[in-house]
Amino acid sequence: MSPLKQHLADTIIKSMKAREIERVKVLRNVQAVIKQIEIDRRTGLDDADVLEVLQKQLKQRHESLTIFTENDREDLATKEQFEIDIINEFMPKQMDDAELSVLVNAEIAKQGATSMRDMGSVMAVLKDKAAGRADPALISKLVKQALQG
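J.: Explain the environment of Ile34 to me, please; I cannot follow it from the model alone.
T.: Relative to the assigned elements, Ile34 resides in helix H2 (residues 21-41). Each C-alpha atom of the pair Ile34 and Asp49 lies 9.0 Å from the other, and the pair is 15 residues apart in sequence.

J.: Hey, could you run me through helix H4 (residues 74-88) in this one?
T.: Compared with the 21 Å implied by 1.5 Å per residue over 15 residues, the 21 Å span of H4 between its first and last C-alpha is a close match. When H4 is considered as a whole, its buried residues turn out to be Ala77, Glu80, Glu83, Ile84, Ile86 and Ile87. Of the surrounding elements, those touching the buried residues of H4 are H2 and helix H3 (47-70).

J.: Sorry if this is basic, but what is going on with the layout of surface pockets here?
T.: Any empty space left between atoms is shown by rolling a water-sized probe over those atoms. Size it by volume and the largest pocket reaches roughly 580 Å³. Lining the largest pocket are 21 residues; nearest its centre among them are Gln55, Lys56, Ala134, Asp135 and Pro136. Broken down by secondary-structure element, the contributors of at least two residues to the lining of the largest pocket are H3, helix H6 (119-129) and helix H7 (136-148). Examining the composition of the lining of the largest pocket, we find that eight residues originate from one element, H3, more than from any other. The class makeup of the residues in the lining of the largest pocket is 10 nonpolar, five polar and six charged.

J.: Is there a simple way to think about the pattern of salt bridges in this case?
T.: Opposite charge on two side chains allows them to pair when their charged atoms are near. Per the counting criterion, the structure on display carries eight salt bridges. With a closest N to O distance of 3.1 Å, Arg73 and Asp75 form a salt bridge. Among the charged side chains, a network of salt bridges with common partners joins Glu20, Arg23 and Glu89.

J.: I tried to follow the nonpolar core on my own but got confused; where do I start?
T.: Counting 20 residues, the largest nonpolar core has Leu8, Ile34 and Leu54 as the members making the most contacts within it. Where this core is concerned, the elements lending two or more residues are helix H1 (3-17), H2, H3 and H4. In terms of residue count, H3 provides more of this core than any other element does, six residues in total. For Leu54, the contacting residues outside a window of four places in its chain are Leu4, Val30, Ile87, Phe90 and Met91. Met95, Leu100, Leu142 and Val143 belong to the second-largest nonpolar core, a separate cluster that totals 16 residues.

J.: Help me out: how do you make sense of the packing of H1 against H2 in this one?
T.: Between two packed helices, the angle of one axis relative to the other and the distance separating the axes together describe the packing. Following both chains from N to C, one finds H1 and H2 inclined at 150°, their axes separated by 10 Å at the closest point. Taken as axis vectors, H1 and H2 run roughly antiparallel relative to one another. Crossing of H1 over H2 shows left-handed handedness. In contact with Lys5, Leu8, Ala9, Thr11, Ile12, Ser15 and Met16 of H1, H2 contributes Arg23, Val24, Leu27, Arg28, Val30, Gln31, Ile34 and Glu38.

J.: Looking at this structure, I do not really get H3. What am I missing?
T.: Since there are 3.6 residues in each turn of an α-helix, residues three or four apart along the chain are aligned in direction. Here H3 contains 24 residues, and its C-alpha end-to-end distance of 34 Å stays within 8% of the 34 Å for a straight helix at 1.5 Å per residue. Turning to H3, its buried residues are Val50, Leu51, Val53, Leu54, Gln57, Leu58, Arg61 and Leu65. Contacts made by the buried residues of H3 are with H1, H2 and H4. Two residues or fewer after H3 comes Asp72, characterised by a positive phi angle close to 55°.

Basis of the calculations
Residues numbered from 1 in each chain as written. Predicted model: local features only at pLDDT ≥ 70, side-chain atom pairs only at ≥ 80, totals over all residues. Heavy atoms only, no water. Helix = DSSP H or I, 4+ residues; strand = E, 2+ residues; numbered from the N terminus. Expected span 1.5 Å × (residues − 1). Buried < 20%, exposed > 50% of the residue type's maximum accessible area, 1.4 Å probe, protein only. Contact = heavy atoms within 4.5 Å. 1 Å grid on protein atoms, 1.4 Å probe; cavity = no way out; pocket = protein on both sides within 12 Å on 5 of 7 lines; lining within 4 Å. Points joined across faces, edges and corners; volume = space filled by probe spheres on them. Nonpolar A, V, L, I, M, F, W, Y, C, P; charged D, E, K, R; others polar. Salt bridge = Lys/Arg side-chain N within 4 Å of Asp/Glu carboxyl O. Core = buried A, V, L, I, M, F, W, Y, C linked by side-chain atoms within 4.5 Å. Axes fitted to C-alpha atoms, helices over the stretch in contact; angles between N-to-C directions. Parallel < 35°, antiparallel > 145°, perpendicular 65-115°, else oblique. Left-handed = near helix turned anticlockwise from the far one by under 90°.

Encoded structure:
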């Protein structure tokens, strides 16, 4: 079992003992998604795969949070924010914009990328380097800016 999955399982047990029912629901939901993917792929997930699942879960909840906030559903928005906070506990420290810009510029220089045609190869490397620590959409935006400007 990967260390991240073990940490998730341990946290569920700890939360159950503390009778944190809502927290256990969120964690079990995430654990169920991970197990379903493992069943579908017929293989265990490593930490990188688990981080990818967690990022997708966060993205879904952020989208829901935006919709609920726009439609003045504060009750549902609060629930989504609670779930986001819990899932974020398992995510590595996020890179700030300055760190990400340095990483993007270094990779572009390393590959000698000069045009948008090179964006795919730059993104492929950066996706792995910043896995779980930066939003891929933000990375893409920074790469586009660097290659166009």
